[in-house]
Amino acid sequence: MSWLLVFVGGGVGSLCRYGLSLLFPPGEAGHGLIPWATFLANGLACLILGAGIALATRNAMPKEMALLLLTGFCGGFSTFSTFTAELFALYQAGAYGTVIGYLTLKMVTGLLALWVGFSLLK
C-alpha cells in the first residue's frame, strides 16, 4: 500500500509541476532569464516539506500522509534535475551572472522556505 501512496502523490505533484510550467513558460536561456516555474515548484515543495517534517517529528502526521505528501507529492512536484539542466543551459548561453544569482537565490530561498514551513508547525 505504501508504494501506491507514493505513486499517487508523485503523480499529483508532477501534474501540479506541469501546471506551473504552463502558467510560467520558460524564457530562452540565451536571454539569461530565471526559470520561474522551477523556482516556484522547488520553493513551494521546500515549504511543504518543512511543515511536514515539523508535523512528523512530533508524530502529528500519520506515516501514510507523510508518504503521500512528503515523499510522493513533494518528490513529484520539486525538480532538482530540471533546476540543474536550466542552470546548465544558462551557463552554455553565457549568462554567468544569472547562473550565480539563480543558484544563490534558489539555495537561500529553499532553505528559508523549509525553515518557515518547519517553524510554522513545530
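It should be emphasised that the depicted structure is a prediction, and the values quoted were computed from it without experimental measurement.

Colleague: Would you explain the environment of Phe24 in this entry?
Modeller: In this structure, Phe24 sits in the loop between helix 1 (2-23) and helix 2 (36-57). Along the sequence, Phe24 and Pro35 sit 11 residues apart, while their C-alpha atoms lie 8.1 Å from each other. Setting aside anything within four residues of it in sequence, one finds Phe24 in contact with Trp36, Ala37 and Leu40.

Colleague: How should I be thinking about the side chain of Thr79 in this particular structure?
Modeller: Within the secondary structure layout, Thr79 lies in the loop between helix 3 (63-77) and helix 4 (80-92). On the basis of relative accessibility, which here comes to 10%, the residue Thr79 falls in the buried class. Only 2.8 Å separates the side chain of Thr79 from the side chain of Thr82, close enough to count as a polar contact. Not counting residues up to four positions away in its chain, the partners in contact with Thr79 are Arg17, Thr38 and Asn42.

Colleague: What is the right way to read the environment of Leu67 from this model?
Modeller: Within the secondary structure layout, Leu67 lies in helix 3. Excluding anything up to four places from it in sequence, Leu67 contacts Ser2, Leu5, Val6 and Gly72.

Colleague: What is the right way to look at the packing of aromatic side chains in this model?
Modeller: Aromatic rings considered in pairs are described by the distance between their centres and by the relative angle of their planes. On inspection of all chains with the given rule, the structure shows seven aromatic pairs. Note on Phe80 and Phe83: the rings are 5.9 Å apart at their centroids and 50° apart in plane angle, and the pair reads as tilted. Here the residue Phe80 and the residue Phe83 both occupy positions in helix 4, the gap between them amounting to three residues, near one helical turn. Assessed through its relative accessible area of 3%, Phe83 is described here as buried. Consider the rings of Phe83 and Tyr102, whose centres lie 5.3 Å apart with planes at 65°: the pair is edge-to-face. Taken together, the residues Phe83 in helix 4 and Tyr102 in helix 5 (residues 96-121) connect sequence positions 19 residues apart. Like Phe83, the residue Tyr102 is buried in the burial classification. An aromatic cluster of three or more residues is present, and its members are Trp36, Phe39, Phe80, Phe83 and Tyr102.

Colleague: Explanation requested: helix 1 in the structure shown.
Modeller: Residues separated by three or four positions in an α-helix point in the same direction, a consequence of the helix having 3.6 residues per turn. Taking 1.5 Å of rise per residue, 22 residues should cover 32 Å, and helix 1 covers 32 Å from first to last C-alpha, within 8% of that figure. When helix 1 is considered as a whole, its buried residues turn out to be Leu5, Gly9, Gly10, Gly13, Arg17 and Leu20. The arc that holds every buried residue of helix 1, seen down its axis, measures 120°, which confines them to one face. Away from its buried face by more than 90 degrees, helix 1 exposes Trp3, Phe7, Leu15, Tyr18 and Leu22. Those residues of helix 1 hidden inside the fold are in contact with helix 2, helix 3 and helix 4.

About the thresholds
By convention here, each chain's residues receive numbers from 1 onward along its written sequence. This being a predicted model, a pLDDT of at least 70 is required before a residue's local features are given, and a value of 80 or more before pairs of side-chain atoms are given or counted; all residues contribute to the totals for chains, interfaces and linings. The basis for every side-chain value is the complete set of non-hydrogen atoms in the structure, without hydrogens or water. We count a stretch as a helix when DSSP gives it H or I for four or more residues in a row; a strand needs E for two or more, and each element gets its number in order from the N terminus. Two residues form a contact once any of their heavy atoms are found within 4.5 Å. Each residue is assigned to one of three classes by its accessible area relative to the maximum for its type, calculated with a 1.4 Å probe on protein chains only: buried under 20%, partly exposed between the two thresholds, exposed over 50%. For this analysis, a polar contact is any N or O atom pair within 3.5 Å, provided that within protein one partner can donate a hydrogen and the other can accept it, and provided that sequence-adjacent residues contribute only side-chain to side-chain pairs. When the centres of two rings from Phe, Tyr and Trp lie within 6.5 Å, Trp using its six-membered ring, the rings pair. Their planes under 30 degrees apart give stacked, over 60 give edge-to-face, and anything left gives tilted. In a helix, the anticipated span is given by 1.5 Å times the number of residues less one. The directions from the helix axis to the C-beta atoms are what the arc is built from.

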